Amino acid sequence: MEPGAGESSATDDYESLISTTDSELLKRAWRNEKAAPEILKFEAALVQRSRQQIQLMEETVEEFAKNGVDPLTVSLYQMDLDRTLFLLRSYLRTRLQKIEKCVLHIQKTAELWNRLSKQEQKFAVRCAGDLTQHLEQTVLSKLPDQYQSHLKQSGASEGDDMVPEPKLDIYIICRSKKFLGAFQLDDSGEEPVNIEADDLYALPYKSIKPLVESGQIDLV
């Protein structure tokens, strides 16, 4: 192998990989997850590609440093690596925080449960078990029988009124990449909102939830 051939190959692979839109897609997934009041669908393929990209960037930085490549070039690659690592870790951490907060609601709601990755589902099961055990040992076991449910306030409750749920009626800031035209927020009879491309809107999450899920609107 000619001198520098390995370096050139690694550089070409790296440049080819980062020329894709995965970096922007990861940033978009992170922003949406941070802003949405409920947990969104796990971006499995994107996370897998991002992990592969991180591995390639780590190998590239290591090879550049070993071969005496200009320190400025190495630092630029390292900055790109650090940025991708931050986005991926923050995306995953945000999802775990949402699971911890509403784990019992997520467990009993098939739509939300199916949005989790296999690893997140395992985490949710452990989290729910720990929460239930903690409540039973510290509080519920000391209460009368009709108040010992970790799901209901009392035996007279009709629903699971002790289970925290995400507040879907909050207003969020959002933006559409393309013109969507008149959009009816609800059945209250109010005038439709005319959604223009690249304009910012403060709208109830519950009303635009289908547009977020279909990727037509990004949260900010």
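Identification of the protein chain as DNA replication complex GINS protein SLD5 from Abeliophyllum distichum is taken from an unreviewed UniProt entry. Under the Subcellular location (unreviewed entry) heading, UniProt states for the protein chain: "Nucleus". If you open the UniProt record of the protein chain and go to Function (unreviewed entry), you find "The GINS complex plays an essential role in the initiation of DNA replication."

Visitor: Explain the pattern of salt bridges to me, and be specific about the residues and the numbers.
Guide: Summed over all chains, the structure comprises 13 salt bridges. Close ionic contact of K98 with E33 constitutes a salt bridge, the shortest N to O distance being 2.9 Å. Highlighted residues: K98 in helix α4 (residues 71-101) and E33 in helix α2 (residues 22-35), separated in sequence by 65 residues. Note on accessibility: K98 and E33 belong to one class, buried. A salt bridge links K177 to D218, with the shortest nitrogen-to-oxygen separation between them at 3.8 Å. Placement of K177 in the loop between β1 (171-176) and β2 (181-183) and of D218 in strand β5 (residues 217-219) is noted, with a sequence separation of 41 residues between them. A residue is classified by how much of its surface remains accessible, and K177, at 62% relative accessible area, is exposed. Each of E38, E111, R115, K209 and E213 takes part in salt bridges that share partners, so that together they form one network.

Visitor: Run through the sheet that holds β1, naming residues and quoting values.
Guide: Across a sheet, paired strands are connected by hydrogen bonds in the backbone, their directions being either parallel or antiparallel. Read across the sheet, 3 strands follow the order β4-β1-β5 without closing on themselves; strand pairing throughout is antiparallel. Unpaired on one side and paired on the other, β4 (200-204) and β5 mark the two borders of the sheet. Ignoring strand direction, the axes of neighbouring strands in this sheet form an average angle of 45°. Bridge count for β1 against β5 is 3 bridges, and the pairing is antiparallel. Along β5, the bridge assignment pairs R175 with D218.

What counts, and where the lines are drawn
- Residues numbered from 1 in each chain as written.
- Predicted model: local features only at pLDDT ≥ 70, side-chain atom pairs only at ≥ 80, totals over all residues.
- Heavy atoms only, no water.
- UniProt positions renumbered as here; feature names shortened; annotations may be inferred.
- Salt bridge = Lys/Arg side-chain N within 4 Å of Asp/Glu carboxyl O.
- Helix = DSSP H or I, 4+ residues; strand = E, 2+ residues; numbered from the N terminus.
- Buried < 20%, exposed > 50% of the residue type's maximum accessible area, 1.4 Å probe, protein only.
- Pairing = 2+ DSSP bridges.
- Axes fitted to C-alpha atoms, helices over the stretch in contact; angles between N-to-C directions.

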